[in-house]
Amino acid sequence: MDKNLRYYQGRIDADTMRYTIAQIEKITEKRSYYPLLLDADPSKEMVEKYLKKGKMFTFSEEGRVVGEVVVLPLSATDIEIKNIAVLPERQGQGFGRYMIEFVARHYADQFRNLYVGTADSGIAFYQKFGFEVSHRVKNFFTDNYPEPIIDSGIQCIDMIYLLKKL
């Protein structure tokens, strides 16, 4: 894969019905995106672990990065979305969906299964895109993070993995 890989994709803004061109780009200097990465995973140490081996893509619109996704191969058949985030002011506008669709299309020829791990509050989001609950890792958040993680007013305890066949 070319390290300067760029994709262009058109999208229609649901509010304005304006068609814009979005750019998806493979990123090699990942650390400059820490503010966005830490929105999805509040532990810099955990982010560092998968950032070294993962591939990162940003989603830009009109020259401004609005989202990112980090993927990590798990085996010859499986890949995982380790981090996905959209700027808070741009959430709910379809960028997460575009990133997930891009990852699924981009890796469909190389892998059979796409995994993503989330807390209970994220399950419904991923199920909208064809993911199904695969398994649960008990106490993942409480065992791996020094401070409690609160999402939608609820403490995250277990990591729930979802699977999408590619």
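Residues numbered from 1 in each chain as written. Predicted model: local features only at pLDDT ≥ 70, side-chain atom pairs only at ≥ 80, totals over all residues. Heavy atoms only, no water.

Draft legend 1. Here's a closer look at the overall build of the protein. Scanning the protein from N- to C-terminus turns up five helices and 10 strands. By residue count, 48% of the 166 residues in the protein fall in the buried class. Partitioning the contacts of the protein with sequence separation of at least 6, the portion at a separation of at least 24 is 58%. A total of about 9,300 Å² of accessible surface is found on the protein, and carbon and sulfur atoms cover 49% of it. (Helix = DSSP H or I, 4+ residues; strand = E, 2+ residues; numbered from the N terminus. Buried < 20%, exposed > 50% of the residue type's maximum accessible area, 1.4 Å probe, protein only. Contact = heavy atoms within 4.5 Å. Areas by Shrake-Rupley, 256 points an atom, 1.4 Å probe, with all protein chains shown as cover.)

Draft legend 2. Local environment of the layout of surface pockets. Roughly 1,100 Å³ of volume is contained in the largest pocket. Considering the residues around the largest pocket, the lining is formed by 45 residues, among which D39, A40, I84, T118 and Y126 are closest to the centre. No other element matches the seven residues that strand 5 (residues 78-86) contributes to the lining of the largest pocket. Looking at the lining of the largest pocket, its residues break down into 25 nonpolar, 11 polar and nine charged. (1 Å grid on protein atoms, 1.4 Å probe; cavity = no way out; pocket = protein on both sides within 12 Å on 5 of 7 lines; lining within 4 Å. Points joined across faces, edges and corners; volume = space filled by probe spheres on them. Nonpolar A, V, L, I, M, F, W, Y, C, P; charged D, E, K, R; others polar.)

Draft legend 3. How the structure looks around the environment of I27. Note on placement: I27 falls in strand 2 (residues 19-27). Given a relative accessible area of 9%, I27 falls into the buried group. In the structure, I27 is positioned 41 residues away from E68 in sequence and 9.5 Å away in space, judged by C-alpha atoms. Leaving out residues up to four positions away in the same chain, I27 has contacts with Y33, M56 and T58.

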